[in-house]
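Inside the fold
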Amino acid sequence: MKDQAAIQLPTTDSGSNAASKILNIAIGIMALALLVTGGALLYLHFRPLDQTMSSQERTLQRWKDTVDQNPDNSLVRANLGAAYLDMGDVDNAIEQLRFALDQEPGSFTYMYKLGLAYREADQLDNSIQMFTSSAEGTPKSEKYSALYEAATSAMMKGDNGAAKDYVQQSLADNDMIWNSHFLLGKLLEQEGDTAGAKEQYDAANKFNPGDPALQEALDRLSS
């Protein structure tokens, strides 16, 4: 389906923007048919969309239609939550993602997306809880993104000690992610550990040379 929202999961890509790259884990649906439990095909009949709608509005309407026809399918419910989040409708995003997680309590992917929604709602404790729970269920070497996001939420909360712990766990899971090195560098710099901070900035620079914020940090500590 064109313009579809998608629940997304971190990839193990170790390239320059790896922590911000995410893997679409096949929760999109085809425009005409959706594979459901038992392998049967359920044909969906979408209402004609107003062509004056924006791309995001069309996506949201499609997922609403799909949920109406499949209210017990956690996957489409989660995608509706993701579409709401893309639209900036955080309250409805949280409602739908929580509903999906109630339907499938072990889904670390839904937890991850819900953590993002809670952060947008400034519910940082809930955000951290979702990210850490997501990390617990995520396979080894793929936990780093959820732990990085937990660190980001903790830092936003002002709990730099927890943020440092989470980002160090993120690096222990995958030490080739520039974002995690950069975040740890910022935390160390705030502590006054300029040598440690520069070491982390240098490490980040190996994976993402030329990033403006990173270059500014390196220039600052090199002056």
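Going along each chain's sequence as written, the residues are numbered from 1 onward. In keeping with the model being predicted, local features are shown solely for residues with a pLDDT of at least 70 and side-chain atom pairs are shown and tallied solely at 80 or more, while totals for entire chains, interfaces and linings include all residues. Excluded from the side-chain calculation are hydrogens and water; included are all heavy atoms of the structure.

**Looking at unusual backbone geometry**
Positive phi outside glycine occurs at Asp122, with the angle close to 65 degrees. Following the sequence through the fold, Asp122 ends up in the loop between helix 4 (108-120) and helix 5 (124-137). Its identity as a non-glycine residue notwithstanding, Ser141 has a phi of 75 degrees, on the positive side. Assignment of secondary structure puts Ser141 in the loop between helix 5 and helix 6 (144-157). Counting from the N terminus, the helices are the DSSP runs of H or I reaching at least four residues and the strands are the DSSP runs of E reaching at least two.

**A word on the nonpolar core**
Counting 49 residues, the largest nonpolar core has Leu114, Phe182, Tyr201 and Leu214 as its most contacted members. Among the elements that line this core, the one with the most residues is helix 4, at seven residues. Excluding residues that lie within four positions of it along the chain, Phe182 makes contacts with Tyr201, Ala204, Ala213, Leu214 and Ala217. The term nonpolar core refers to a set of buried residues drawn from Ala, Val, Leu, Ile, Met, Phe, Trp, Tyr and Cys, joined through side-chain atoms within 4.5 Å. Residue exposure (1.4 Å probe, protein chains only): buried if accessible area is under 20% of the type maximum, exposed if over 50%, otherwise partly exposed. Contacts are residue-level and defined by heavy atoms, with any inter-residue pair within 4.5 Å sufficient.

**Here we look at the environment of Leu147**
Examined against the element boundaries, Leu147 turns out to sit in helix 6. For the pair formed by Leu147 and Ser134, sequence separation is 13 residues and the distance between their alpha carbons is 8.6 Å. Residue contacts for Leu147: discarding those within four places in its chain leaves Ala135, Tyr166, Gln169 and Ser170.

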